[in-house]
Amino acid sequence: MRRGAVLASLLAVAPAPGAAFYFPGVAPTSYRTGDNVTLNVNHLTPADSQSDPKLRSVFSFDYYHPPFHFCKPDGGPEYIRESLGSILFGDRIQTSPFHLRMGVNETCKSLCDAQTFTGRDAVFVNSRIYQGYDLNWLIDGLPAAQQLTEEGTDTPFYSPGFSLGEVDGENPQFNNHYDIWIDYHEASPGAYRVVGVLVDPFSLQDSRNLGEGRAECGAISSPVVLDENDDSVVTFTYSVMWRLSPTPFATRWDKYLHVYDPKIHWFSLVNSAVIVVFLIGMVSTILVRTLRKDIARYNRLDQLALDDFGENGAVEDGVQDDSGWKLVHGDVFRPPKNPLLLAVLLGNGSQLFMMVGLTIAFALLGFLSPSNRGALGTVVIIFYTLFGFVGGYVSSRIYKFFHGEAWKLCFFYTPVALPSIIFAIFFLLNLFVWGRGASGAVPFTTMLIMVIIWFIISVPLSLAGSWIGFKQPVIETPVRTNQIPRQIPPSGSHLRPIPSMALAGVLPFGAIFVELYFIMNSIWFSKIYYMFGFLFICYGLMIATSAAVTVLMIYFLLLAENYHWQWRSFFTAGASAFYVFLSALLYWAKDITFLSWTSGVVYLGYSALLSLLFFIVTGTIGFFASWLFTMRIYKSIKVD
Ligand SMILES: *[C@@H]1O[C@H](CO)[C@@H](O)[C@H](O)[C@H]1NC(C)=O
Ligand SMILES: *[C@@H]1O[C@H](CO)[C@@H](O)[C@H](O)[C@H]1NC(C)=O
């Protein structure tokens, strides 16, 4: 059975990049009729309603946040142990008072004594209803969902989460009754598994608690409207319906992982593939044809010059022809300004680059499916920590290549500078979330754990990497650097930094923006993102585009006899981060209407952080592509 799943997931990788895969290690739980099935509750998250798909808040709330008055289990709720990644991504899973028994239908059970909402609580809850908050429950690891139908194709699918309340005209109606529909599958005679959970919430004003778990449910015609000026009494009730389902356990997530519009992904993929092919065609034409011509000419001129020199002691047309990138051979490997900063950025960029690539590859192989809660976050942290080694190694080798002297600073800044900036931004934004009393804030202990992991594992690994890089011989340049820097002639407008970067940066962004849009959607609307097949290809295309466009720019730069290519290549490719931030702003304008300025601050803060990381990764790609390029072309010419 288990081996079958592995095989199936391996086979599934090949044909469709959008398909869903399963982590083979998640073992199914079998229940007999009448066994208790636990229902756990997670935080409340802002969501979009189908009628008005706009995001109104970025904060999530603890399920047992007092104003909600949700019923607690006897003895108080307890936290369920979670992975680090799961906590970082906002999950706060706790126990609940629901009693579900496998295969046993129940109608209208009460959850706890009637709850009294004060006017202040009502104001709070009503405003959360206006903001479209969703409840998130988990039964046997499956999220409780609402069934939606895709427009156009009429395919039904499960959308995790169900609404706290509905706004009907003017009045916010608070849901206090839940119809829980559980699909179960008979795996073997007498052994059942949960394969789907739907919840239909209702607002029933006239429900009454009859004691001992029984209740009388009211009519749908009179909903609960919490009074903002007076106390309101609410009785929470639920019903459970078990339905036999033909869906086996192995494919139970399929209904949840619905691809909204696969055409869009394919369209963007083809689109960026065309751009990449075009670009690579252009670059290879230049590199292969022009360069070969250049090199042949340079070398012929050399020969000619020698011969001429031998015969009549003068070079005839050498001066006029000897133009272009060859002229700067004595300066092209002159260390850039601020070599330390560039080396540290490149080290961190390589670390992030490896982390992202490997995480996407892991996800593609099905190890990070949503059935394995928090696995994505955990893997990101683990890879980032381990690749500290790569970061240290790269930064110290590059620093040595730049003839850097301040060794200790390079060792120190590589593992400290960027993580401190990330952490500081993260911490500040968390203060805002704390200030709002929302639960989305990462707990202090989790932050402490992250700092400890970073200090105990990542820093030593980075130092070890730096040390090993430091011990390596310095990378040889193919041409010697002159003592005196050459004057740079004034160049045309197309080489001015800002326009050329603006032009170059848009291409790598073009390769990734559709996937970026879906990732943003999944982050802010707490949706599941799993289109890692597409993401993997897009990441590849983005790397190719960044590299190609930067090499092209650097070629033009060198032709104009400007040899300051190091920072230029970093910024040229990194400029795409500017577009990432711009797209976050556009996304705000289009899909978001925040009702509080703190939401806006948190949104902008995380967008800026994302753009910063994107800048460093693409900049690193651009630099290394140009580095290989310059090393290669200057190796092929003869310099006397
Ligand atoms: C199932 O739940 C009921 C009600 O909470 C409890 O009394 C019973 O002991 C539970 N059974 C098992 C096997 O845990
Ligand atoms: C539970 O109720 C649903 C809906 O009424 C029905 O389809 C299902 O067969 C019932 N299940 C059991 C085990 O009685």
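Residues numbered from 1 in each chain as written. Chains lettered and ligands numbered in written order. Predicted model: local features only at pLDDT ≥ 70, side-chain atom pairs only at ≥ 80, totals over all residues. Heavy atoms only, no water.

Describing the site of ligand 2
Working step 1: Around ligand 2 sit Gly 103, Asn 105, Trp 181, Tyr 184, Met 241 and Trp 242, and those are all the residues in its vicinity.
Working step 2: In this structure, an oxygen atom belonging to ligand 2 sits 2.3 Å away from a side-chain N or O atom of Asn 105.
Working step 3: A distance of 3.2 Å separates a nitrogen atom of ligand 2 from a polar backbone atom of Trp 242.
Working step 4: In isolation ligand 2 exposes 360 Å². Once the protein is present, 46% of that is buried.
Working step 5: Contributing elements (two or more residues each) for the shell around ligand 2: strand E15 (177-188) and strand E20 (237-244).
Working step 6: Here the shell around ligand 2 is built from residues that sort into 4 nonpolar, 2 polar and no charged. (Near = heavy atom within 4 Å. Polar contact = N/O pair within 3.5 Å; in protein donor to acceptor, adjacent residues only side chain to side chain. Areas by Shrake-Rupley, 256 points an atom, 1.4 Å probe, with all protein chains shown as cover. Helix = DSSP H or I, 4+ residues; strand = E, 2+ residues; numbered from the N terminus. Nonpolar A, V, L, I, M, F, W, Y, C, P; charged D, E, K, R; others polar.)

Side note on the packing of aromatic side chains
Working step 1: For the structure on display, the rule yields 61 aromatic pairs.
Working step 2: Ring geometry for Phe 353 against Tyr 539: centres 5.9 Å apart, planes inclined by 35°, an arrangement best described as tilted. On the criterion of sequence distance, the pair formed by Phe 353 in helix H6 (residues 339-364) and Tyr 539 in helix H12 (residues 532-559) is long-range, its members being 186 residues apart.
Working step 3: Consider the rings of Phe 623 and Phe 624, whose centres lie 5.4 Å apart with planes at 85°: the pair is edge-to-face.
Working step 4: Taking the relative accessible area as the measure of exposure, Phe 623 reaches 0% and is therefore buried.
Working step 5: Accessibility expressed as a relative area gives 23% for Phe 624, which makes it partly exposed.
Working step 6: Taken together, the aromatic side chains of Phe 61, Tyr 63, Tyr 64, Phe 68, Phe 70, Phe 117, Phe 124, Tyr 133, Phe 174 and Phe 236 make up a single cluster linked through ring pairs.
Working step 7: A cation over an aromatic ring shows up here: Arg 193 above the ring of Phe 249, its NZ or CZ 5.8 Å from the ring centre.
Working step 8: Stacked on the ring of Tyr 158, the Lys or Arg Lys 255 has its end atom at 5.2 Å from the ring centre. (Phe/Tyr/Trp six-rings, centres within 6.5 Å; stacked < 30°, edge-to-face > 60°. Buried < 20%, exposed > 50% of the residue type's maximum accessible area, 1.4 Å probe, protein only. Lys NZ or Arg CZ within 6 Å of the ring centre and 35° of its normal.)

Quick look at the state of the cysteines
Working step 1: A full pass over the atoms with the stated rule returns 2 disulfides.
Working step 2: A disulfide bridge connects Cys 71 with Cys 112, and the sulfur atoms are separated by 1.8 Å. Measuring handedness by torsion sign, the sulfur bridge of Cys 71 and Cys 112 sits at about -55° and is left-handed. In this pair, Cys 71 sits in the loop between strand E3 (45-46) and helix H2 (84-88) while Cys 112 sits in the loop between strand E5 (106-110) and strand E6 (115-117), placing the two residues 41 residues apart along the sequence.
Working step 3: Residue Cys 71 is classed as buried on the basis of its relative accessible area of 5%. (Disulfide = S-S within 2.5 Å.)

Here's the deal with a nonpolar patch on the surface
Working step 1: A grouping of Ile 382, Leu 386, Leu 428, Leu 431, Trp 434, Phe 444, Leu 448, Ile 452, Phe 455, Ile 456 and Ile 457 is seen on the molecular surface, where their side chains present a nonpolar patch of about 1,100 Å² in accessible area.
Working step 2: Elements with a contribution of two residues or more to the nonpolar patch: helix H7 (375-386), helix H9 (407-435) and helix H10 (444-471).
Working step 3: Per-element tally for the nonpolar patch: the top contributor is H10, with 6 residues. (Patch = residues over 30% accessible without salt bridge, like charges linked within 9 Å, V, L, I, M, F, W, Y side chains within 5 Å. Salt bridge = Lys/Arg side-chain N within 4 Å of Asp/Glu carboxyl O.)

Here we look at the domain arrangement of the protein
Working step 1: For the protein, the assigned domains are domain 1 (31-251), domain 2 (264-333 + 497-640) and domain 3 (337-476).
Working step 2: Here domain 2 and domain 3 have C-alpha centroids that lie 23 Å from each other.
Working step 3: Listed by partner, the interface residues are 29 residues for domain 2 and 35 residues for domain 3.
Working step 4: Interface area for domain 2 against domain 3, summed over the two sides, is near 2,800 Å², with a carbon-plus-sulfur share of 88%. (Domains from an automatic or database assignment. Contact = heavy atoms within 4.5 Å. Buried area = accessible area lost by both parts, 1.4 Å probe.)

What to know about the packing of helix H14 (residues 576-591) against helix H15 (residues 597-635)
Working step 1: At a closest axis distance of 8 Å, the pairing of H14 and H15 adopts a crossing angle of 155°. As the angle between them shows, H14 and H15 are arranged roughly antiparallel. Once H14 is placed against H15, the crossing between them reads as right-handed. Across the interface between the two elements, Ser 576, Ala 577, Val 580, Phe 581, Ala 584, Leu 585, Tyr 587 and Trp 588 from H14 touch Gly 600, Tyr 603, Leu 604, Ser 607, Ala 608, Leu 610, Ser 611, Phe 614, Phe 615 and Thr 618 from H15.
Working step 2: Tallied by class, residues from the contact of H14 with H15 come to 13 nonpolar, 5 polar and no charged. (Axes fitted to C-alpha atoms, helices over the stretch in contact; angles between N-to-C directions. Parallel < 35°, antiparallel > 145°, perpendicular 65-115°, else oblique. Left-handed = near helix turned anticlockwise from the far one by under 90°.)

Considerations on unusual backbone geometry
Note: most residues except glycine have negative phi, and most peptide bonds are trans.
Working step 1: Phi angles above zero are rare outside glycine, and His 403 is one such case at about 55°.
Working step 2: By secondary structure assignment, the location of His 403 is in the loop between helix H8 (388-401) and H9.

Things to note about the pairing of strand E13 (residues 165-168)
Working step 1: Looking at chain direction, E13 and strand E14 (residues 171-174) are connected through 4 bridges and run antiparallel. Paired with Gly 165 across the bridge in E14 is Phe 174. (Pairing = 2+ DSSP bridges.)

With respect to the nonpolar core
Working step 1: Counting 153 residues, the largest nonpolar core has Leu 100, Trp 137, Phe 174, Tyr 178 and Ile 180 as the members making the most contacts within it.
Working step 2: At 17 residues, the largest contribution of residues to this core is made by H12.
Working step 3: The contacts of Leu 100, once residues within four sequence positions are left out, are Asp 35, Asn 36, Val 37, Leu 39, Ile 139, Ile 180, Ile 182, Tyr 238, Val 240 and Trp 242.
Working step 4: Judged by nonpolar contacts, the second largest core, of 6 residues, contains Leu 84, Ile 381, Val 442 and Met 450. (Core = buried A, V, L, I, M, F, W, Y, C linked by side-chain atoms within 4.5 Å.)

A short note on the side chain of Asp 91
Working step 1: Inspection of the secondary structure assignment puts Asp 91 in the loop between H2 and strand E4 (100-101).
Working step 2: Since its relative accessible area comes to 9%, Asp 91 is described here as buried.
Working step 3: At a separation of 3.1 Å, a polar atom in the side chain of Asp 91 contacts the side chain of Asn 42.
Working step 4: One polar contact links Asp 91 to Arg 373, side chain to side chain, over a distance of 2.7 Å.
Working step 5: Among all residues touching Asp 91, those that are not within four sequence positions of it are Asn 42, His 43, Glu 82, Ser 86 and Arg 373.

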